[in-house]
Amino acid sequence: QVQLAESGGGLVQAGGSLRLSCAASGRTFSVYAMGWFRQAAGKEREFVAGISSSGGSTYYADSVKGRITISRDNAKNTVYLQMNSLKPEDTAVYYCARSYYSGIFNTETAYSYWGQGTQVTVSS
């Protein structure tokens with residue numbers, strides 16, 4: 001059983017930055033793509049960013065492109081989400097997820113394991 005644990009969320013003012021981390025258990029971290037999703041209150045969960053198993057490819061939702069960077073350290077079994085120029089509309093619970101595949105997909109059904117989420121609140 002794979003466990004994912006997010007950390008790094010919190011309260012930040014608009015324009016500020018946060019770095020989320022997601023630590024994964026198990027020995028197969030480097031085999032699978034990873035993704036970050038978010039869910040704002042009253043809204044459906046949406047894809048934010050994904051990274052391939054090797055880290056060589058990344059993909060972003062249009063709403064965060066240019067402000068958010070996903071990266072991974074396979075030696076540490078950890079994926080990161082660096083968020084800059086944060087906006088109030090970025091307020092949500094952020095989830096990391098492990099894909100079934102090595103390549104990137106932006107749909108929830110492509111992901112097999114999910115973390116518990118970490119709250120990000122951006123004040124105006």
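Because the structure is a prediction, the values reported are computed rather than measured.

A.B. asks: Would you explain the sheet that holds strand β7 (residues 68–73) in this entry?
C.D. replies: Each strand in a sheet pairs with another by means of backbone hydrogen bonds, the pair being arranged parallel or else antiparallel. Ordered by their spatial adjacency, 4 strands build an open sheet running β1-β3-β8-β7, and the pairing between neighbours is antiparallel. With one partner strand each, in any of the chains shown, β1 (4–7) and β7 form the two edges of the open sheet. In this sheet, adjacent strand axes meet at a mean angle of 15° when their direction is disregarded. Bridge analysis of strand β3 (residues 18–24) against strand β8 (residues 78–83) gives 6 bridges, and the strand direction is antiparallel. Each bridged residue has a counterpart across the sheet, and for S21 the counterpart in β8 is Y80.

A.B. asks: Help me out: how do you make sense of the pattern of salt bridges in this one?
C.D. replies: Pairing between side chains of opposite charge can happen when the charged atoms of each approach one another. Under the counting rule described, the total for this entry stands at 5 salt bridges. In this structure, the salt-bridge partner of R45 is E108, at a minimum N-O distance of 3.1 Å. Taken as a pair, R45 in the loop between β4 (34–39) and β5 (46–51) and E108 in the loop between β9 (92–99) and β10 (111–114) lie far apart in primary sequence, 63 residues in all. The partly exposed category is assigned to E108, whose relative accessible area is 31%. Notably, a salt bridge pairs D90 with R67, separated by 2.7 Å at the nearest N-O pair. One end of the pair, D90, is in the loop between β8 and β9; the other, R67, is in the loop between β6 (58–60) and β7, with 23 residues separating them in the sequence. Each member of the pair D90 and R67 is classed as buried.

A.B. asks: Please clarify how the state of the cysteines should be interpreted in this entry.
C.D. replies: By definition, a disulfide is the covalent link that joins the sulfur atoms of two cysteine residues. A complete count under the given rule lists 1 disulfide for this structure. Between C22 and C96 runs a disulfide, and the two sulfur atoms are separated by 1.9 Å. Residues C22 and C96 share a disulfide whose torsion about the S-S bond is about 45°; that sign makes it right-handed. With C22 in strand β3 and C96 in strand β9, the pair connects residues that are 74 residues apart, well separated along the chain. Accessibility assignment for this pair places C22 and C96 in one class, buried.

A.B. asks: Looking at this model, I keep getting lost on unusual backbone geometry. Mind explaining?
C.D. replies: Trans peptide bonds make up most of the peptide bonds, and negative phi angles are found at most residues other than glycine. Even without being a glycine, N77 presents a positive backbone phi close to 55°. With respect to the element layout, N77 can be found in the loop between β7 and β8. One non-glycine residue, S85, lies in positive phi territory at about 50°. With respect to the element layout, S85 can be found in the loop between β8 and β9. Under the relative-accessibility criterion, S85 is labelled partly exposed at 41%.

Rules used in this analysis
Residues numbered from 1 in each chain as written. Predicted model: local features only at pLDDT ≥ 70, side-chain atom pairs only at ≥ 80, totals over all residues. Heavy atoms only, no water. Pairing = 2+ DSSP bridges. Helix = DSSP H or I, 4+ residues; strand = E, 2+ residues; numbered from the N terminus. Axes fitted to C-alpha atoms, helices over the stretch in contact; angles between N-to-C directions. Salt bridge = Lys/Arg side-chain N within 4 Å of Asp/Glu carboxyl O. Buried < 20%, exposed > 50% of the residue type's maximum accessible area, 1.4 Å probe, protein only. Disulfide = S-S within 2.5 Å.

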